[in-house]
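Observations on chain architecture
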Amino acid sequence: MSETSQATESRSYPPPEDLAAQANVGPEVYEEAARDRLAFWESAARRLTWEREWDTALDWTNPPFAKWFVGGKLNVAYNCLDRHVEAGHGDQVAYHWEGEPGDTRTLTYADLKDEVCRAANALLELGVQAGDRVAIYLPMIPEAVISMLACARIGAVHMVVFGGFSADALASRITDAGAQVVITADGGYRRGAPSALKPAVDDAVSRTEGVRHVLVVKRTEQDVEWSEGRDLWWHDVVTKQSAEHTCEFFDAEHPLYIMYTSGTTAKPKGILHTSGGYLTQVAYTHWATFDLKPDRDVYWTAADVGWVTGHSYIVYGPLANRATSVMYEGTPETPHRGRWFELIQKYGVTILYTAPTVIRTFMKWGEDIPAGFDLSSLRLLGSVGEPINPEAWSWYHQHVGGGRCPIVDTWWQTETGGHMINPLPGVTSLVPGSAQVPFPGISAKVVDDEGNELSDDSTGLLVLTEPWPSMLRTIWGDDDRYVDTYWSRFGNMYFAGDGAKKDADGNIWLLGRVDDVMNVSGHRISTTEVESSLVGHPTVAEAAVVGASDPTTGQGIVAFVILRGNAEDSGDELVQQLKTHVAKDIGPIAKPRQIMVVQELPKTRSGKIMRRLLRDIAENRELGDVTTLTDSSVMNMIKDKLPAAP
Ligand code: 6R9
């Protein structure tokens, strides 16, 4: 198949008839939301249980500081657990949890409620009060979810740090958030071996002030250093608590969590989310985008809770909707490359949500692996984190979804809290590679540098023109930076930082971060487009493209590619072939100056390629901050392979 770059993508997949006939939402939601956006979000909020209903849906009198559902009171954990147990669903499985070594735990809604109440009582005993910050640095074990909900239950603000991040990254976040308690584990399992967490916490806490207690879950039984008085075992402190806890109800705008965004810029930003609007939008989008049927579906977000995707679509959305979920601790290749497919088969997963980077990895490993498992339970697939290249879309559609499952490509951000641009599976005809249309009740546009709306495939900037319920409320401790970063460029519109274009059918194509747009001899070329073209070549599994400064053209295109499992690296010949392929696909101006075949690419927890580091390499610079890489050794591997720059 050669017509796979975004420029030429023209396939369209209408919704499967049986799905459309029973879908949770139909085309009417777009009309309802267009008629009265606030009334639409109010009806979405009524899917939750409120102790007191709000007086005002939206207070936007002090933009860009939004308040949603003003006057309303609710408890987020109550909405995720107690109300389902009270309605007679206590025996329903909330999580089928699977550890990397193959150990399992099944938590029903009643079990989870009990565990959360115990943890809430323990936090109270440790002196944690509503509004206090609690850092969570755990592997993908049930205690991660339990800790988050225990905080929510007592009104404490959680701040989850991805377990793969360094002590440095943890220390700066603990300091910035002012956390008083850290919840961690001795370690977790990663690639077949126990990987320690506690030493990083000891290191981080020694460099910060204000941490009174470190609560430690025993997971791997590794030896740990112990600071008497400060450190406490989870099994000593939590397990003995009562499973009764009467929850308090908090204002809709009570802070729920802080999540630091991945280090694609200098100092990480503490994105603040609050309770009522956030839960409204994540619950509603989870239900509508994935057509979730709580009595039938087995839902799996295969991602880490340390990423916003885990917060919204492993924890809050699925639990608010009473979903049965799968949660998996480890990596896709442990103990073998079919592990995910084995889990889909074992639990009868019906909905799978993951990132394009994983799909491209599966492509590299070859389609024989998914073909070895029974994946017939799947009925819907989702994608998040990056544009999904049409080639990867087709592979996912065919080799995972058996050609029958719609793929919902969801564009959103840590800052937006929930889905913003995506198709609806019972309504939208899918166009591979495009996230397509704003979610009902969301207003998005593509504009030029002056803020004028663009259409017809002109490349511009994505903006959101109206406030939405799950929007960030500020950057923790830095209102000015919030205004500067997101609202100063266009005044009254939210600047997302993504390049985008809108086609004649109204579909929005995301083109990567604005700083990923290259300027070659005065032409704006998106890294995403060149990457998509490369991945469209039969030998390439994954590609990362950066613009490196060039004395003649301003910037020159430098590509790093990973080959598919069955492709042969014929050296120069292959590189020439790939250059010609891109030139034919997009145009001679997009022909890469240099292409390097590598084994791995530097990625963040969410699978985003850290192009900043590749640019450092392409321009022969010292490497910048690598604290948010999942594996910092890949940079040395790439450097070692490097020919001298031309
Ligand atoms: C949820 C999440 C946000 C950035 C965002 C954009 C990119 C996410 C995407 C996508 C194209 C999609 N992004 N989903 N680009 N299509 N479906 O990823 O949050 O980690 O904060 O990243 O990710 O560039 O601006 P976060």
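Everything numeric in this text was worked out from a predicted model, so none of it was measured.

A few words on the side chain of arginine 219. Along the chain, arginine 219 turns up in the loop between β11 (213-217) and β12 (231-233). Setting aside anything within four residues of it in sequence, one finds arginine 219 in contact with Trp97, Gly99, Glu100, Pro101, Asp103, Ile141, Ala185, Asp186, Gly187, Gly188, Tyr189 and Glu329.

Applying the stated rule across the entire model yields 34 aromatic pairs. Where tyrosine 313 meets tryptophan 412, the ring centres are 5.1 Å apart and the plane angle is 85°; that geometry is what we call edge-to-face. Of this pair, tyrosine 313 sits in helix α11 (residues 308-320) while tryptophan 412 sits in the loop between β20 (407-410) and β21 (444-447), and the two are 99 residues apart along the sequence. For tyrosine 313, a relative accessible area of 0% corresponds to the buried category. Connected via pairs of aromatic rings, a cluster forms that spans Trp60, Phe65, Trp468, Tyr482, Tyr486, Trp487 and Tyr494. The ring of tryptophan 287 is capped by arginine 47, whose NZ or CZ atom sits 4.5 Å from the centre of that ring. If you follow lysine 218 out to its NZ or CZ, it ends over the ring of tryptophan 233, 4.8 Å from the centre.

Inspection of the entire model under this criterion finds 35 salt bridges. Residues arginine 360 and glutamate 386 are paired through a salt bridge, measuring 3.0 Å at the closest nitrogen-oxygen approach. With arginine 360 in helix α13 (residues 356-365) and glutamate 386 in the loop between β19 (380-384) and α15 (390-400), this residue pair connects regions lying 26 residues apart in the sequence. Each of the two residues, arginine 360 as well as glutamate 386, counts as buried. The shortest N-O distance in the salt bridge between lysine 502 and glutamate 453 comes to 3.6 Å. Within this pair, whereas lysine 502 is found in strand β24 (residues 494-502), its partner glutamate 453 is found in the loop between β21 and β22 (460-464), the two being separated by 49 residues in sequence. Through salt bridges with shared partners, one network takes in Glu98, Arg339, Glu342 and Lys346.

Attention now goes to the UniProt feature "modified residue: N6-acetyllysine" (unreviewed entry) in the protein chain. UniProt records the feature "modified residue: N6-acetyllysine" (unreviewed entry) at Lys608, using the numbering of this structure. In this fold, lysine 608 is placed in the loop between β30 (594-597) and α19 (611-618). With residues near it in sequence (within four places) discarded, lysine 608 still touches Trp307, Gly385, Glu386, Pro602 and Lys603. One polar contact links the side chain of lysine 608 to the main-chain carbonyl oxygen of glycine 385, over a distance of 3.2 Å.

Moving on to the site of the ligand. Among the 17 residues in the neighbourhood of the ligand, the closest are listed as Asp409, Thr410, Thr414, Asp498 and Arg513. In this structure, a nitrogen atom belonging to the ligand sits 2.7 Å away from a main-chain N or O atom of threonine 410. In this structure, lysine 608 approaches the ligand through a side-chain N or O atom, which is 2.9 Å from an oxygen atom. Relative to its unbound accessible area of 530 Å², the ligand is 95% covered by the protein chains. For the shell around the ligand, a count of residues per class yields seven nonpolar, five polar and five charged.

With that settled, the discussion passes to the environment of histidine 84. Counting through the fold element by element, histidine 84 comes out in helix α4 (residues 76-89). For histidine 84, a relative accessible area of 7% translates into the label buried. For histidine 84 and tyrosine 313, which are 229 residues apart along the polypeptide, the C-alpha to C-alpha distance reads 18 Å. Excluding its chain neighbours within four sequence positions, the residues that come into contact with histidine 84 are Asn79, His89, Gly90, Tyr109, Leu319, Ala320 and Arg322.

Within β24, nine of the nine residues are buried, leaving the element largely enclosed by the surrounding structure. In this structure, β22 lies alongside β24, joined through four bridges in antiparallel fashion. Paired with valine 463 across the strands is phenylalanine 495, a residue of β24. Relative to strand β25 (residues 508-513), β24 runs antiparallel, the two sharing four bridges. Across the sheet, alanine 500 pairs through a bridge with leucine 510, a residue of β25. Counting the residues in the hairpin turn of β24 and β25 gives five residues, including glycine 506, whose phi is positive at 85°.

This part takes up the sheet that holds strand β14 (residues 255-260). Strand order in the open sheet made by the eight strands is β12-β11-β8-β6-β7-β14-β15-β23, with mixed pairing throughout. Of all the strands in the sheet, just β12 and β23 (474-475) have a single pairing partner and so form its edges. Pairing between β14 and strand β15 (residues 270-274): five bridges, direction antiparallel. Bridged to tyrosine 260 within β15 is glycine 270.

Once that is clear, we can look at the side chain of arginine 83. Along the chain, arginine 83 falls in helix α4. No salt bridge forms around the buried arginine 83; measuring N to O, its nearest opposite-charge neighbour glutamate 86 is 8.6 Å away. At 2.9 Å, the side chain of arginine 83 forms a polar contact with the backbone oxygen of arginine 47. Setting aside residues no more than four positions away along its own chain, arginine 83 makes contact with Arg47, Leu48, Thr49, Tyr78 and Ala320.

Parameters at a glance
Residues numbered from 1 in each chain as written. Predicted model: local features only at pLDDT ≥ 70, side-chain atom pairs only at ≥ 80, totals over all residues. Heavy atoms only, no water. Helix = DSSP H or I, 4+ residues; strand = E, 2+ residues; numbered from the N terminus. Contact = heavy atoms within 4.5 Å. Phe/Tyr/Trp six-rings, centres within 6.5 Å; stacked < 30°, edge-to-face > 60°. Buried < 20%, exposed > 50% of the residue type's maximum accessible area, 1.4 Å probe, protein only. Lys NZ or Arg CZ within 6 Å of the ring centre and 35° of its normal. Salt bridge = Lys/Arg side-chain N within 4 Å of Asp/Glu carboxyl O. UniProt positions renumbered as here; feature names shortened; annotations may be inferred. Polar contact = N/O pair within 3.5 Å; in protein donor to acceptor, adjacent residues only side chain to side chain. Near = heavy atom within 4 Å. Areas by Shrake-Rupley, 256 points an atom, 1.4 Å probe, with all protein chains shown as cover. Nonpolar A, V, L, I, M, F, W, Y, C, P; charged D, E, K, R; others polar. Pairing = 2+ DSSP bridges. Lys, Arg positive; Asp, Glu negative; His and termini not counted.

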